[in-house]
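Topology and contacts: notes
So the chains spell out like this:
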Amino acid sequence: MAKTPYDQLEDWEVADTNWRRYVRARDSGHLDYVEMAKKCDEYYRGNQWDEYDRQKLESEGRPALTINAILSTVNSVLGEQSSTRAMVDFKPKREGSQEMATIFKKLYAVIHDQNDLDRKESQVFADGLIQDRGFFEVKMDFNENVEGEVSVTVEDPLDIYLDPDAKDYDPSSWNEVIKSRWLSLNEVKMIYGEERANKLSGLVQSDAHYGMDSIYVTEQRFGSTSDTIAGSPEGEYSELDRKQIRRVRIIERQYKVPYKCEYFINPKYGDVALVPTTWSEAQKTTHEQRYGLMRTVKEDMKIRYTVSSDKVVLHDDWSIYPFFTIVPYFPYFRRGRPFGMVRNLISPQEQLNKISSQELHVVNTTANSGWIVENASLANMGTDELEQRGAETGLILEFHKGAAPPMKIPANQIPTGLDRISTKAAINIKEISGISDAMLGYDSPEVSGVAIEAKQARGKAQIQVPLENLNRTRRIMAERIVKLVQTWYDNPRIFFMTQGGTETPEVIEINQSLPDGSKLYDITVGEYDIAVSSQPSRDVYEDSQFAEAMALRAAQVVIPDDTIIEYSHLEDKMQIAERVREMTGTSPPTPEQQEQSQVLQQLQLQQIQLNLETLATGIDKMKSEMAVNMAKAYTEVRSDEMQEHKLKEKMIDVAMSEADNKTKLLQTMVNAGQRADEKELESKTRVETALIRNTDNLQRVKLDAAKSAVDAKVDIMKEANKSEIEANKVAAQILTEGMKQSSRNQTKGD
């Protein structure tokens, strides 16, 4: 494709554009946000007094109390979030299947555990409540796997500069997003190369950089320094040491630009998907032919990724991702104006601190209101000492004879309503945050449990907005992860997943090649809906499951013992549950036991086959004898045509009788087979029970069971054989007697 104007810009133009976009985002509200975010963080940590106000109060001898109600309020919401965890489910859409949806769910669980998303999610949630914003970054990491792994990291909210023109929660509608951070010159050299680090040093030496917000520099001047250099002896500075680069600002900007992009088109459904920019022409052609797709080119917005520091370009190319890697979390969001919980609690918290401090000051002043004494009337102390010790308990004052006794000045009355003002301030914090005494655990003991639960339920309704927005963030992140998996996990891979406290990990194989050229569990194909919900955390979930299982057991519902043990908190619960299964005979057989059972079944089948062959040989012999008898009888009665006609009729009757006998024989063999299967099932049960309860006598029990099954089948076959022989004898006797009777009739006729 032809080069775009973005590919034709000089490096200094790219760096200058990056810097100007950063300045625009910085001056369009980010600096104000940073100031407020730092203040909210200070209030959460308890540093709630301005330094000037604190010093002034201390100079006047007045207290500066901090009654940190924000801490408990925010912590109650954080605890509510930590007690519930995300549950992400996948539902198949076009070209998808339920089996692959299950594979995606398991693969997402593996990625979730690899990135410790529960802990990171709690951190981002806390950032949002306290500092108005929280951010994930979802991208590929190639440090531990050459093919890449999905990586989810937590970003400092102060380092993310949002698009000033953005109004939507979802970053898909943004035009740009900037991440800015400070790095040392050595870190720049390690990440981006020595050549670019030298360019930055040159800008500093020539005073050609953008200023202290771009490169932080300290200067050394003739022994009087504003900043010292670690490890440098005093007075041994060279000319290069005069300007020291402490850190440089790195600007990472992701932004959309018009571009002619390649798309796959599904002719069957009309769906359009962006062709990954990292794919080679061979990969595109293979994917196109395998799934019957078409390719087209159209003008669209594509993401470009530019990294610069001051006037030096560190990286500039098209992004390998079809989306912005930044995923935001905003507790409250109103048309481009996100805010958290602490911001609105600052004013009532300041009111509570100031009123509480004033109350204490009033109490202190009333405790030592002062004394009225006649000049030089005190005998055991002076007026200065009385001023210091006048409020002591049991103080004894001596005054000269004839002098007026000391008199304590009446204390000022505490202003009425002052205590009610502080109570109102505390109530304001609860009403604004929606956190009631019931949620904080402060309800009076006389309140019933039902009433407390009702209050807690109403309190949870007040905090549903930040929790609902957290689910919104979870969905956006899950969509990003699915796109990364379908783009980058295109080769055969094997993952291991351990869940439910089991010791043996489950093996998950994807993209396994088949002989016909297709792939087993090809996750690059198909569309899936993402459903995000919340479930109790592992400990809370297991507690609830254990309680429900015990309640069902009490209601006479048959709940297996091993299931109840697995829901318990016993340290070795999996081993105990396995032992219970072994004792009750419900444990699945081991591979050795399965192999022994297969050998036993094979021996039984071979013995049955031998018995059937012996029985078939006896039947053939009986048929031959019957044929000889029939031939002899036929020869004796062969006299004339009438007798021959009668003989044929008699033979037809005999044949019908033989058919009935064979039917009875077949029914007998079927019944014998059913009884043999029952005997075999009974023998298998005996073998499996012996395997579990007494492994030392396994071989003896197995041989006895096999012998019993074989003997049973041989007896049944003998019985069937005997029945058939008797039937054949009866048929032959009938035929012989019929022929003799025909012969006698013929003789009488003659």
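Along every chain, residues carry numbers that run from 1 in the direction the sequence is written. The model is predicted, so local features are restricted to residues of pLDDT at least 70 and side-chain atom pairs to those at 80 or more, both for listing and for counting; the totals for chains, interfaces and linings are taken over all residues. Here the side-chain values reflect all heavy atoms present in the structure, with hydrogen atoms and water set aside.

1. Brief notes about the overall build of the chain
Each helix is a run of H or I in the DSSP string that is no shorter than four residues. Each strand is a run of E no shorter than two, and both are numbered from the N terminus. Scanning the chain from terminus to terminus reveals 21 helices and 21 strands. Relative accessible area decides the class of each residue, using a 1.4 Å probe on protein chains only: under 20% of the type maximum gives buried, over 50% gives exposed, and in between gives partly exposed. Put simply, the chain has 750 residues, and 37% of those count as buried. Any two residues whose heavy atoms approach within 4.5 Å at even a single point are treated as in contact. Of the contacts made within the chain by residues no fewer than 6 positions apart, 72% connect residues no fewer than 24 positions apart. Reported accessibility uses the Shrake-Rupley method at a 1.4 Å probe radius. Residues are deemed covered only where the shown protein chains occlude them. In the form shown here, the chain has an accessible surface area of approximately 43,500 Å², with 50% of it arising from carbon and sulfur atoms.

2. Digging into unusual backbone geometry
It is generally the case that most residues other than glycine have a negative phi and that most peptide bonds are trans. Phi at aspartate 132 is positive, roughly 75°, even though this residue is not glycine. One non-glycine residue, glutamine 556, lies in the positive phi region at around 70°. Among the structural elements, glutamine 556 can be located in the loop between α16 (538–554) and α17 (561–566).

3. Quick look at the packing of helix α7 (residues 185–192) against helix α8 (residues 194–205)
Where α7 meets α8, the closest approach of the two axes is 7 Å, and the angle between their N-to-C directions is 145°. Across the interface between the two elements, Leu185, Val188, Lys189 and Tyr192 from α7 touch Glu194, Arg196, Ala197, Leu200 and Ser201 from α8. Charged residues are taken to be Asp, Glu, Lys and Arg, nonpolar residues to be Ala, Val, Leu, Ile, Met, Phe, Trp, Tyr, Cys and Pro, and polar residues to be all remaining types, Gly included. Broken down by class, the residue content of the contact of α7 with α8 amounts to five nonpolar, one polar and three charged. Between N-to-C directions, angles span 0 to 180 degrees; the directions come from axes that are lines fitted to C-alpha atoms, helices contributing only their stretch in contact.

4. As for the packing of helix α6 (residues 117–131) against helix α15 (residues 464–488)
Contact geometry of α6 with α15 gives a least axis separation of 12 Å together with a crossing angle of 130°. Between α6 and α15, the crossing angle belongs to the class labelled oblique. Taken as a pair, α6 and α15 cross one another with a handedness that is right-handed. Across the interface between the two elements, Leu117, Glu121, Phe125 and Leu129 of α6 pack against Pro466, Leu467, Leu470, Arg474 and Met477 of α15. Looking at the contact of α6 with α15, its residues break down into seven nonpolar, no polar and two charged. For this classification, under 35 degrees means roughly parallel, over 145 means roughly antiparallel, 65 to 115 means roughly perpendicular, and everything else is oblique. For a crossing to be left-handed, the near helix must be turned anticlockwise from the far one by less than a right angle; the clockwise case is right-handed.

5. Section: the packing of aromatic side chains
Only Phe, Tyr and Trp rings take part, Trp by its six-membered ring, and two of them pair if their centres are within 6.5 Å. Stacked means planes under 30 degrees apart, edge-to-face means over 60, and tilted covers everything else. Taken as a whole and assessed by the stated rule, the structure comprises 16 aromatic pairs. Ring centres 4.8 Å apart and planes at 5° place the aromatic pair tryptophan 19 and tyrosine 210 in the stacked group. Taken as a pair, tryptophan 19 in helix α2 (residues 11–45) and tyrosine 210 in the loop between α8 and β6 (215–221) lie far apart in primary sequence, 191 residues in all. Since its relative accessible area comes to 27%, tyrosine 210 is described here as partly exposed. For the ring pair tyrosine 332 and phenylalanine 339, a centre distance of 5.2 Å and an interplane angle of 10° mean the geometry is stacked. Taken together, the ring pairs connect Trp19, Tyr22, Tyr161 and Tyr210 into an aromatic cluster.

6. Re the nonpolar core
Val74, Phe90, Val150, Ile481, Val485, Tyr489 and Ile523 are the most contacted members of the largest nonpolar core, which totals 72 residues. It is α15 that contributes the most residues to this core, 10 residues altogether. Ignoring anything within four residues of it in the chain, the contact list for valine 74 reads Tyr44, Leu129, Ile130, Met341 and Val342. In these notes, a set of buried Ala, Val, Leu, Ile, Met, Phe, Trp, Tyr and Cys residues joined through side-chain atoms within 4.5 Å is what counts as a nonpolar core.

7. Observations concerning the side chain of aspartate 163
Counting through the fold element by element, aspartate 163 comes out in the loop between β4 (160–162) and β5 (176–183). Think of it this way: Lys and Arg go in the positive column, Asp and Glu in the negative one, and His and the chain ends go nowhere. Here, a salt bridge means any side-chain nitrogen of Lys or Arg that lies within 4 Å of a carboxyl oxygen of Asp or Glu. Among buried charged residues, aspartate 163 stands out as having no salt bridge; its nearest opposite-charge side chain is arginine 24, 4.4 Å away. Engagement of the side chain of aspartate 163 in a polar contact is seen with the backbone nitrogen of asparagine 175, the distance being 3.2 Å. Non-local contacts of aspartate 163, meaning those with residues more than four positions away in its chain, are made with Arg24, Trp174, Asn175 and Glu176. We define a polar contact as two N or O atoms separated by no more than 3.5 Å, with the added condition that, inside protein, one atom must be a possible hydrogen donor and the other a possible acceptor, whereas residues neighbouring each other in sequence contribute only through side-chain atom pairs.

8. Describing α15
Taking 1.5 Å of rise per residue, the 25 residues of α15 would be expected to cover 36 Å, and the 36 Å separating its terminal C-alpha atoms lies within 8% of that figure. Among the 25 residues that make up α15, 18 are buried, leaving the element largely enclosed by the rest of the structure. To estimate how far a helix should reach, multiply one less than its number of residues by 1.5 Å.

9. Brief notes about the pattern of salt bridges
All chains considered together, the criterion is met by 34 salt bridges. Notably, a salt bridge pairs aspartate 27 with arginine 26, separated by 3.0 Å at the nearest N-O pair. Looking at aspartate 27, the relative accessible area reads 49%, which means it is partly exposed. Residue arginine 26 is classed as buried on the basis of its relative accessible area of 17%. Taking the shortest distance from any N to any O, the salt bridge between arginine 253 and glutamate 176 comes out at 2.9 Å. Remark: glutamate 176 occurs in strand β5 and arginine 253 occurs in strand β8 (residues 243–265); sequence separation between them is 77 residues. Residues arginine 253 and glutamate 176 agree in their burial class; the two are buried. Put simply, Glu137, Lys139, Glu155, Lys179, Arg181 and Glu252 are held in one network by salt bridges that share partners.

10. Observations concerning the environment of valine 110
On the secondary structure map, valine 110 appears in helix α5 (residues 98–114). Separated by 398 residues in sequence, valine 110 and isoleucine 508 have C-alpha atoms that sit 9.6 Å apart.

11. Examining the pairing of strand β2 (residues 134–141)
With six of eight residues buried, β2 is to be regarded as a mostly interior element. One bridge is not enough; two strands pair if DSSP finds at least two bridges between them. As paired elements, β2 and strand β12 (residues 326–329) share four bridges and run antiparallel to each other. Each bridged residue has a counterpart across the sheet, and for glycine 134 the counterpart in β12 is tyrosine 329. Relative to strand β3 (residues 149–155), β2 runs antiparallel, the two being bridged by seven bridges.

12. Examining helix α4 (residues 69–82)
The end-to-end C-alpha separation of α4 is 20 Å, in line with the 20 Å expected for 14 residues at 1.5 Å each. Measuring from the backbone nitrogen of isoleucine 70 back to the side-chain oxygen at the start of α4 gives 3.3 Å, which picks out asparagine 68 as the cap.

13. Here's the deal with a nonpolar patch on the surface
Patch membership needs two things, relative accessible area over 30% and no salt bridge, and members are linked within 9 Å if like-charged or within 5 Å if nonpolar (Val, Leu, Ile, Met, Phe, Trp, Tyr). A cluster of nonpolar side chains, namely Ile372, Met407 and Ile409, defines an oily patch on the protein surface of about 270 Å² accessible area. Relative to the elements of secondary structure, isoleucine 409 occurs in the loop between β16 (407–408) and α12 (418–433).

14. Here's the deal with the confidence of the model for the chain
Every residue carries a pLDDT, the predictor's confidence in it, which falls somewhere between 0 and 100. Taken as a whole, the chain shows an average pLDDT of 79; of its residues, 73% reach a score of 70 or greater. Strand β7 (residues 224–225) is the least confidently modelled element of the chain, averaging 48 in pLDDT, while β12 averages 97, the highest of any element. Confidence over residues 224–237 falls short of pLDDT 50; this stretch has 15 contacts with residues more than four positions distant or in other chains. Considering only residues more than four positions removed or in separate chains, one finds that residues 690–698, a stretch of pLDDT under 50, has eight contacts.

15. Side note on the side chain of glutamate 252
Looking at the element boundaries, glutamate 252 is found in strand β8. Once residues lying within four places of it in the same chain are set aside, the contact partners of glutamate 252 are Val177, Ile178, Lys179, Arg181, Tyr192, Tyr305, Thr306 and Val307.

16. Side note on the sheet that holds β2
What the three strands build is an open sheet, ordered β3-β2-β12; its pairing is antiparallel. Two strands in the sheet have a free side with no partner beyond their single neighbour: β3 and β12. Strand-to-strand twist in this sheet, taken as the mean axis angle between neighbours without regard to direction, amounts to 25°. Here α6 sits on the sheet and contacts β2, β3 and β12; the angle it forms with β3, its principal contact strand, is near 30°.

17. A look at a negative patch on the surface
For this purpose, a charge sits on NZ of Lys, CZ of Arg, CG of Asp or CD of Glu. On the surface, Asp50, Glu51, Asp53 and Glu58 cluster together into a patch of negative charge. By the secondary structure assignment, aspartate 53 is in helix α3 (residues 51–59).

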